[in-house]
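Chain by chain, the residues run as shown.
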Amino acid sequence: MAIPLITLFVFAPLAGAVLLMLIPARAARVIQAIALTAALVPLVAGTYVFFALPSVPASPPASLVPAPAAARSSPGAAAAARCGADLKFVEDEEWIDVLGLVSARYFLGVDGLSAPMLPLVAIVSFAVLLAAMGRSPPSRGTLALLLVFSTAANGIVCSLDFLLFAVFWGGAFIPLLFLAGSGGGAERTRAAVSLALAGVAGFALIVIVLLALQGATATNVRPAGTLNLPELARRAGDFVRETPWLGGRARFDQWLFGLLFVALAAPIAVLPFQGRWVRTLSRSFTPASALLAGVLAPVGVYGLLRIAVPIFPSAAADFAFPLAILAAAGMLLGGLCARLERDWKARAARAAAVSMGGCLLGIATVSETGVQGALLQASGGGLAFAMLLL
């Protein structure tokens, strides 16, 4: 029987967190050993998957057929959609099925789009755990929160079902807001509140998009529709249609692309959220700051590349110029403000915002090279700024 590497990659930290809470708090060395082991497992598994990916044959389910060329109106969208057609290390099982009306699958896998994210989230999570242990003996609860966040981040980059993605995305903010406020104080409390608001608002918008897509793909044969991300990308042309929302001023796909972009924009530090993001990062407990800049921001970019661009390619092309202006303005503002910041964490946060603005600019080029550049910038920049903040 083959080892379910992706499940191991995703849930090993969560298993470690549960085990930590069962061990007496006085057994500090045992707690630290378990935490390090739980963080090391996804690091080893993610590194193996990353390097083994080229030699492993693709194993996508039958439904994952690349979208017809007519359904993808831009090279960037085509590049992102192709990444979903060559899945490997696939784990696909029935997860939720309520009377055929609500349906979701436990669908995990890795392709060229998610591969660079695996070592990123594993390395940063492991480094943050080591740094937390190095400064002062962290509490059992802090270590458990770090491991829970690791599971959520790992799940985001491996999810191929929209509901599963939404669960992991919302779940990532829960431990992060407690970590941000760790240690008390008015500033850290405000940082935690900001994260809570961003998490709730973003999750709500993602759920709206999810429900709209589920309704749009529902049929008499399959009333629950589909939340299979590669299949949704294959059916991208079905979402390019007029809608009566607000007098029909935008198409169905444009509305959903906009909502999804706003949901993911706050962690990416896009204008007008850059100032709030910088204040939240600079005020937070240092491990939380590193996770914000090194993991949550890059996986926000990944979310755009995994969901928004391939499922709504026409809308991505329509909004390319405004996104480019937004990205360029954010990069310019971040660079200028970085020179004025006196706090080193705020300056690093501005620099990280400039880096994420470069990712958004790559997406806005609507080209295959731009999509690849955004992915590499997100992974490399995330690692660099996480290490800087630690």
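Everything below is about the structure printed above this text.
About the criteria used
- Residues numbered from 1 in each chain as written.
- Predicted model: local features only at pLDDT ≥ 70, side-chain atom pairs only at ≥ 80, totals over all residues.
- Heavy atoms only, no water.
- Helix = DSSP H or I, 4+ residues; strand = E, 2+ residues; numbered from the N terminus.
- Areas by Shrake-Rupley, 256 points an atom, 1.4 Å probe, with all protein chains shown as cover.
- 1 Å grid on protein atoms, 1.4 Å probe; cavity = no way out; pocket = protein on both sides within 12 Å on 5 of 7 lines; lining within 4 Å.
- Points joined across faces, edges and corners; volume = space filled by probe spheres on them.
- Nonpolar A, V, L, I, M, F, W, Y, C, P; charged D, E, K, R; others polar.
- Axes fitted to C-alpha atoms, helices over the stretch in contact; angles between N-to-C directions.
- Parallel < 35°, antiparallel > 145°, perpendicular 65-115°, else oblique.
- Contact = heavy atoms within 4.5 Å.
- Phe/Tyr/Trp six-rings, centres within 6.5 Å; stacked < 30°, edge-to-face > 60°.
- Buried < 20%, exposed > 50% of the residue type's maximum accessible area, 1.4 Å probe, protein only.
- Core = buried A, V, L, I, M, F, W, Y, C linked by side-chain atoms within 4.5 Å.

### Examining the overall build of the protein
Moving on, step 1. When its secondary structure is counted, the protein shows 15 helices and 2 strands.
Moving on, step 2. Accessible surface, the protein: about 15,800 Å² in total, of which carbon and sulfur atoms supply 68%.

### A short note on the layout of surface pockets
Moving on, step 1. Of the volumes computed, that of the largest pocket is approximately 310 Å³.
Moving on, step 2. Lining the largest pocket are 20 residues, with S194, L197, A198, A266 and R276 sitting closest to its centre.
Moving on, step 3. Secondary-structure elements contributing two or more residues to the lining of the largest pocket are α7 (186–216), α9 (252–268), α10 (274–283) and α11 (286–311).
Moving on, step 4. Take the lining of the largest pocket: its biggest share by element is 9 residues, from α7.
Moving on, step 5. Tallied by class, residues from the lining of the largest pocket come to 15 nonpolar, 3 polar and 2 charged.

### Focus on the packing of α11 against helix α15 (residues 368–389)
Moving on, step 1. Where α11 meets α15, the closest approach of the two axes is 8 Å, and the angle between their N-to-C directions is 175°. The angle between α11 and α15 places the two elements in the roughly antiparallel class. Within the contact between the two elements, α11 uses T286, S289, A290, A293, G294, P298, V301 and L305 and α15 uses V371, A374, L375, A378, G382, F385, A386 and L389.
Moving on, step 2. Its residues placed into classes, the contact of α11 with α15 shows 12 nonpolar, 4 polar and no charged.

### Considering the packing of aromatic side chains
Moving on, step 1. Under the counting rule described, the total for this entry stands at 9 aromatic pairs.
Moving on, step 2. Ring centres of F239 and F252 lie 6.5 Å apart, and the angle between their planes is 45°; this geometry places the pair in the tilted category. Remark: F252 occurs in helix α9 and F239 occurs in the loop between α8 (229–234) and α9; sequence separation between them is 13 residues. Comparing F239 with F252, the two get one shared label, buried.
Moving on, step 3. Note on F257 and F319: the rings are 5.7 Å apart at their centroids and 15° apart in plane angle, and the pair reads as stacked. Of this pair, F257 sits in helix α9 while F319 sits in the loop between α12 (313–318) and α13 (320–340), placing them 62 residues apart in sequence.
Moving on, step 4. Residue classification places F257 among the buried positions, given a relative accessible area of 3%.
Moving on, step 5. Among the residues examined, F319 registers a relative accessible area of 27% and is labelled partly exposed.

### Re the nonpolar core
Moving on, step 1. Ranked by internal contacts, the top residues of the largest apolar core, which has 121 residues, are F162, W277 and F312.
Moving on, step 2. In terms of residues, this core owes the most to one element, α11, which gives 17 residues.
Moving on, step 3. Leaving out residues up to four positions away in the same chain, F162 has contacts with I206, V209, L210, L213, L227, L229, L260 and I307.

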